[in-house]
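Breakdown of the fold
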Amino acid sequence: MIDFDMRLLGMREPLVVVLDPDGRILLWNRACSEVSGYDFEEVRGRKAGELKPSSEGAETTRRMLAQILSGKPIPPESLVVTKEGEHRWIAWSAQVSRLPDGRPEFIYLVGVDRTGAKLAEEALRISEATFAGIVSIALDAIISVDGEQHIVIYNEGAESIFGWRRDEVLGKPLDLLIPARFRDIHRKHMHEFAAGPERSRRMGEHRPSIFGLRKNGQEFPAEAAISKMEVGEKVFFNVVLRDITYRARLERNQRFLAEVGTVLSTTLDYQEVLTLIAQLAVRFLADTCILDLEEEGLVRRLRVVHRDPARMQLATALEHVPLDRSRPSLDSQVFETKRPMLVTNVSAEFLQSVAQGPEHLELLRQLHPASLMGFPLLAHGRLLGVLLLVSSNPHCHYEPEDLRLGEELAHRAALAVDNARLYRAAQQAIAARDEVLGIVAHDLRNPLHAVGLAAASLRHKVPQDGMGRAIHKTGESIQRCIDQANRLIEDLLDVARIEQQGLHIERGRVAPGELMAEVTPLFTAAAANASLELWTELPETLPQVMADKDRILQVFSNLLGNAVKFTPPGGRIRVGAELRDSEVCFLVADTGKGIAPAHLARLFDRFWKERPTDRRGAGLGLYIAKGIIEAHGGRIWAESTLGQGTTFFFTLPVAPSIERTEKVPASMRAPR
């Protein structure tokens, strides 16, 4: 007879099962039916574990019953398969009633369905495992700290970035990973974030960037995001941090090279170029920049620039150290090999090996070099010098990837230095040539004047009959040559004045018609002799211009002389003017063969001629005309069409007067 409270049979929980010693089901309450799906009548007399055919389930049940009957503890939970095949986790407690002789009579099982809790625990374990897996394999640093800023989570990414092992930092203050100069402000921001309504945000919003601190003391740029979560009454902060050293280096390099190109293009002055190179280097790449140049086989130290203005005295002392090419120096290896040099760690032995002497060694020691790079300045295969970059930061050592940027700087610096040298040489050559031109022009006047006096004497003293007539013609020919030479001398002097910006201009109010009336008669005979038609074309009224009359007549003479010279017989030459805003634009047009487009840009260069073999003139007329017009504040240019002719234009400013117009005579408005 089973001594059992029958009320348990109708309860929905807990599960109650009564078995005989062989494991057959004798009683089965409502809770068992609802969990398993079997009614009591379906299971009465059947062995537990055999409701759902499964050799594994039957064997498990058999072992559990054996443990119960022997008084051994049973597993805290066991898996039950329902009628529909669903797995349910049940936590069982068991009790055995025995007969007077000790044999087992009944087995009482009381169970609690823990399936929901079991699934929740399993989900939690999966979530924790997934989180742990993500945290462990993430390349970014994932760090969690408690409310007191002590590290509680630190992943492999953080180990790789910061250099500290997990067991070295857990429980330690977060300050361990922050540069000292940022710690106070970081704690302030963390306090504000903890008290604020935000749940997450990017770090570094209150300053341009953030920095981390590696175990070796090296700082590095980073970007990070932070979130906070509350667990009970405690607050935890989670940080995901990324090392952006490589990206920051690329951005810095791009900015640097862009600035190098901009700065070096601003000047062709030799000394300025070298100074700018050194200043750029210490802004971006080094604490000290040293520039040594090779000139005529000798090495000369040209510039030493230090990042810290307080150490400029040291830089100046290093700059004045005399270099002995026969002895090792900081950059002798680069001079010899013409290849870049990298010294990642500068040792005391290295400094001793490159010092020029005891005083030089002491200066080098004061520089505190931790690492250095050297680059040859090569232009068109020729070694101009060496650029040395020195880092004094014990936590900043140059690496092979730094060589690429240094080589790019050296390449651009070499081109700039070469261009500056070429420009300086060209300027010196031009100055020397102009000086020679000036000397020649002045010194030629005296002998020409003497020859002119002799020619005049011949013309006046020798009678013009018989043999004297021939001598008289020779004197006239000599005078024409002297006049031509004097014009050339005057042109050379004008060129020198223009180059020195010393062309003398005496401006006054001049009527355009007056200029035309004075210059055209000078070329009427020449045009007629060349079978050319010459006429002027002016509007009825034109304002006066501000001009040096003689100089403008000189411009007209050059333009008209060229037009007569290069226009074939039967052609026409037109001289005109018109008002354009606050300027009067003059023109000289011809119907010659025209000028090729490639030559138009060089028309006003000095000594330039379309055909170098052309002996008609020295190629200075248009250059001088341009100098004269620009000295007046005007412009001069040419437009041409091959086979149709060329037109030269130049402008002069209108005279600042209310009554500044003139009425042009009718004769000047009709063809001449």
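Attention in this report is confined to the structure presented alongside it.

Quick word on the overall build of the chain
Across its full length, the chain holds 19 helices and 25 strands. Buried positions account for 41% of the 672 residues belonging to the chain. Here the contacts in the chain between residues at least 6 apart in sequence split such that 59% fall between residues at least 24 apart. Only carbon and sulfur atoms are counted for the fraction: they give 54% of the accessible area of the chain, which is about 36900 Å².

Looking at the pattern of salt bridges
Under the defined criterion, the tally for this structure stands at 31 salt bridges. Of the charged contacts, one joins Glu42 and Lys83 as a salt bridge, the two residues approaching to 3.0 Å between their closest N and O atoms. On the criterion of sequence distance, the pair formed by Glu42 in helix α2 (residues 40-43) and Lys83 in the loop between β3 (78-81) and β4 (87-98) is long-range, its members being 41 residues apart. The class of Glu42 is partly exposed, set by a relative accessible area of 32%. You can call Lys83 partly exposed: its relative accessible area is 35%. Between Glu223 and Arg202 there is a salt bridge, with the nearest N and O atoms lying 3.9 Å from each other. Here Arg202 lies in strand β8 (residues 200-202) and Glu223 lies in strand β10 (residues 219-231), a separation of 21 residues in the sequence. Taken together, the shared-partner salt bridges connect Arg165, Asp167, Glu168 and Lys215 into one network.

Things to note about the packing of helix α8 (residues 245-264) against helix α9 (residues 270-284)
One can describe the packing of α8 onto α9 by two numbers: an axis separation of 11 Å at closest approach and a directional angle of 165°. Between α8 and α9, the angle is such that the two are roughly antiparallel. The interaxial crossing formed by α8 with α9 has right-handed handedness. In this structure, α8 contributes Arg252, Phe256, Glu259, Val260, Val263 and Leu264 to the contact, and α9 contributes Val273, Leu276, Ile277, Leu280, Arg283 and Phe284. Considering only residue class, the contact of α8 with α9 consists of 9 nonpolar, no polar and 3 charged.

A word on the packing of aromatic side chains
Evaluated as defined, the whole model comprises 9 aromatic pairs. Ring geometry for Phe193 against Phe237: centres 6.2 Å apart, planes inclined by 45°, an arrangement best described as tilted. Taken as a pair, Phe193 in helix α7 (residues 180-195) and Phe237 in strand β11 (residues 234-243) lie far apart in primary sequence, 44 residues in all. Accessibility expressed as a relative area gives 2% for Phe193, which makes it buried. The class for Phe237 is buried, based on a relative accessible area of 3%.

Quick look at the environment of Ile244
In this fold, Ile244 is placed in the loop between β11 and α8. Residue classification places Ile244 among the buried residues on the basis of a relative accessible area of 12%. The spacing of Ile244 and Phe220 is 24 residues in sequence and 7.7 Å in space, taken between C-alpha atoms. When neighbours within four sequence positions are excluded, Ile244 is seen to be in contact with Pro221, Ala222 and Glu223.

Topic: the nonpolar core
One broad trend across soluble globular proteins is that nonpolar side chains are buried collectively. If you look at the biggest cluster of nonpolar residues, it comprises 48 residues, and the most contacted ones within it are Ile552, Phe556, Phe586 and Phe650. Among the elements that take part in this core, helix α17 (residues 549-566) stands out by supplying 8 residues, more than any other. Setting aside residues up to four positions removed in sequence, Phe586 forms contacts with Pro512, Leu515, Met516, Val545, Phe556, Gly576, Ala577, Phe648, Phe649, Phe650 and Leu652. Counting residues in each nonpolar core, the second largest holds 39 residues, with Leu302, Phe375, Leu405 and Ala416 among its members.

Digging into the packing of α17 against helix α19 (residues 621-631)
Between α17 and α19, the least distance of the axes is 9 Å, while the angle of their chain directions is 150°. Relative to α19, the element α17 lies roughly antiparallel. Both α17 and α19 take part in a crossing whose hand is left-handed. Residues Arg551, Ile552, Gln554, Val555, Asn558, Leu559 and Asn562 of α17 touch α19, and the partners they reach there are Gly621, Leu622, Ile624, Ala625, Ile628 and Ile629. Residue composition of the contact of α17 with α19, by class: 8 nonpolar, 4 polar and 1 charged.

Notes on the pairing of strand β6 (residues 141-145)
When a strand is regular, its side chains alternate between the sheet's two faces. With respect to burial, β6 is a largely interior element, 5 of its 5 residues being buried. Looking at chain direction, β6 and β11 are connected through 5 bridges and run antiparallel. Paired with Ile143 across the two strands is Val239, which belongs to β11. In this sheet, strand β7 (residues 151-154) lies alongside β6 in antiparallel orientation, the contact comprising 3 bridges. Residue pairing across strands places Ile143 opposite Tyr154, the latter belonging to β7. Counting the residues in the hairpin turn of β6 and β7 gives 5 residues, including Gln149, whose phi is positive at 65°.

Section: the sheet that holds strand β2 (residues 25-28)
Strands sit in the order β2-β1-β5-β4-β3 across an open sheet of 5 strands; the sheet is antiparallel. Strands with a single pairing partner mark the edges of an open sheet, and in this sheet they are β2 and β3. Ignoring strand direction, the axes of neighbouring strands in this sheet form an average angle of 35°. Looking at chain direction, β4 and strand β5 (residues 104-113) are connected through 9 bridges and run antiparallel. Paired with Arg98 across the bridge in β5 is Pro104.

Overview of the side chain of Asp418
Within the element layout of this structure, Asp418 appears in helix α14 (residues 400-461). Given the relative accessible area of 4%, Asp418 is considered buried. A polar atom in the side chain of Asp418 sits 3.3 Å from the side chain of His380. Setting aside residues no more than four positions away along its own chain, Asp418 makes contact with Ala379, His380, Arg382 and Leu384.

A look at the environment of Glu272
Its place among the elements puts Glu272 in helix α9. Take Glu272: its relative accessible area is 43%, and that puts it in the partly exposed class. Considered as a pair, Glu272 and Ala420 are 148 residues apart in the sequence and their alpha carbons are 9.2 Å apart.

Definitions and limits used
- Residues numbered from 1 in each chain as written.
- Predicted model: local features only at pLDDT ≥ 70, side-chain atom pairs only at ≥ 80, totals over all residues.
- Heavy atoms only, no water.
- Helix = DSSP H or I, 4+ residues; strand = E, 2+ residues; numbered from the N terminus.
- Buried < 20%, exposed > 50% of the residue type's maximum accessible area, 1.4 Å probe, protein only.
- Contact = heavy atoms within 4.5 Å.
- Areas by Shrake-Rupley, 256 points an atom, 1.4 Å probe, with all protein chains shown as cover.
- Salt bridge = Lys/Arg side-chain N within 4 Å of Asp/Glu carboxyl O.
- Axes fitted to C-alpha atoms, helices over the stretch in contact; angles between N-to-C directions.
- Parallel < 35°, antiparallel > 145°, perpendicular 65-115°, else oblique.
- Left-handed = near helix turned anticlockwise from the far one by under 90°.
- Nonpolar A, V, L, I, M, F, W, Y, C, P; charged D, E, K, R; others polar.
- Phe/Tyr/Trp six-rings, centres within 6.5 Å; stacked < 30°, edge-to-face > 60°.
- Core = buried A, V, L, I, M, F, W, Y, C linked by side-chain atoms within 4.5 Å.
- Pairing = 2+ DSSP bridges.
- Polar contact = N/O pair within 3.5 Å; in protein donor to acceptor, adjacent residues only side chain to side chain.

All we've got here are geometric facts, nothing functional implied.
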